[in-house]
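A structural walkthrough
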Amino acid sequence: GRWGGGYGGGGGGGYSAGSSGGYGGGGGTFQAQVAQAAFNDPTIQQHLKDAAYHQAEEGFHAARAGAAVAVSELRKYVQEGPAGVSMLCFAGGIVTTVVGALGVLNIMGGITSPFTYVLNAYLTLFGIVTFLLEADMVTFSRMKVLGKLAPFVERYQVEVFNRAKVLTELRGRGFFYVFIGSLAITQCMVCLLFLVGCWNLLMGMLCLLMSFGINPADHMRVQPGQEQPLAYNQHAGGGM
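Residues numbered from 1 in each chain as written. Predicted model: local features only at pLDDT ≥ 70, side-chain atom pairs only at ≥ 80, totals over all residues. Heavy atoms only, no water.

**Describing the confidence of the model for the chain**
As a reminder of what qualifies: What pLDDT conveys is the predictor's confidence in a given residue, as a value from 0 to 100. Secondary structure follows DSSP: runs of H or I at least 4 residues long count as helices, runs of E at least 2 residues long count as strands, and numbering of each begins at the N terminus. Working rule for contacts: check all heavy atoms of both residues, and any pair within 4.5 Å makes them a contact.
Mean pLDDT for the chain: 76, with 68% of residues reaching 70 or above. Here helix α1 (residues 2–40) stands out as the element of the chain with the lowest mean pLDDT, 54, in contrast to helix α8 (residues 170–185), whose mean of 94 is the highest. Note that residues 1–25 has pLDDT below 50 and, in this model, 8 contacts with residues that lie over four places away or in other chains. Across residues 224–240 the pLDDT falls below 50, and counting only partners more than four positions away or on other chains, this stretch makes 45 contacts in the model.

**Regarding a nonpolar patch on the surface**
Put simply, the rule is: For patch building, the residue pool is restricted to those with more than 30% relative accessible area and no salt bridge; the joining distance is 9 Å between like charges and 5 Å between nonpolar side chains (Val, Leu, Ile, Met, Phe, Trp, Tyr). With residues, only the protein chains shown are counted as cover, and all accessible areas are computed by Shrake-Rupley using a 1.4 Å probe. Any Lys or Arg side-chain nitrogen located within 4 Å of an Asp or Glu carboxyl oxygen qualifies as a salt bridge.
Taken together, the side chains of I94, V98, L102 and L105 present a nonpolar region at the surface, about 390 Å² in accessible area. In this fold, V98 is placed in helix α3 (residues 82–105).

**Side note on the pattern of salt bridges**
Threshold: Summary of the burial criterion: residues with accessible area below 20% of their type's maximum are buried, those above 50% are exposed, and those between are partly exposed, where the area comes from a 1.4 Å probe applied to protein chains only.
All told, the structure shown has 2 salt bridges when counted by the stated rule. The shortest N-O distance in the salt bridge between E134 and R173 comes to 3.0 Å. Here the residue E134 occupies a position in helix α5 (residues 114–134), and R173 occupies one in helix α8, the gap between them amounting to 39 residues. Assigned by exposure class, E134 and R173 land together as buried. Residue E159 pairs with R163 through a salt bridge whose shortest N-O separation is 2.9 Å. Note that E159 and R163 are positioned in helix α7 (residues 150–163) at a spacing of 4 residues, about one turn of the helix. Judged by its relative accessible area of 34%, E159 is partly exposed.

This is how it looks when you write it as structure tokens:
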């Protein structure tokens, strides 16, 4: 009994462990060899290259189509002249305010990077100023919820117009947005501040071009068959 149990346990256990372990290890090695042989096959390598090229080409075409749509939509607003660009600047002001406020709420960031924290505070302030500059009070007052804040917003809008009269002119706003963009774009390459900076720089350039009587819509490439640029009242330095 003792010999039988020992033999059975030892033999059975040893055989089972050795067999299963050896077989499993051999199977893994065999699969690795098959995979390596497949990757070394020139035909499979060519198929992989073709598939990667095809995916990259599809991604490029999708990005190109998306950029064309974005330019087309941007051009529609630019065609409307200062009023259309004002809507784009208004949207940029809201985004600038939100991004700056998020940075201000990051108290730990103020300890580790005080310069960036101060910059976020400035961006928040500049975004609010942009919001007040570009807000259409007629449309704003018609909103169900935000319309209740219309008297408050209008009062501070008048304050901005009175205290910073240079910002009531198209050229003054252009330099203001270029200044905001130059502050934000220098902080990083791939982050929200960089995108905010690019947008403000773009809005600033559009305002400056219009202030000199140049319609940027005339220089934006569009697909054939789209509408021609609409005329707008070109007043250098005129308010929106």
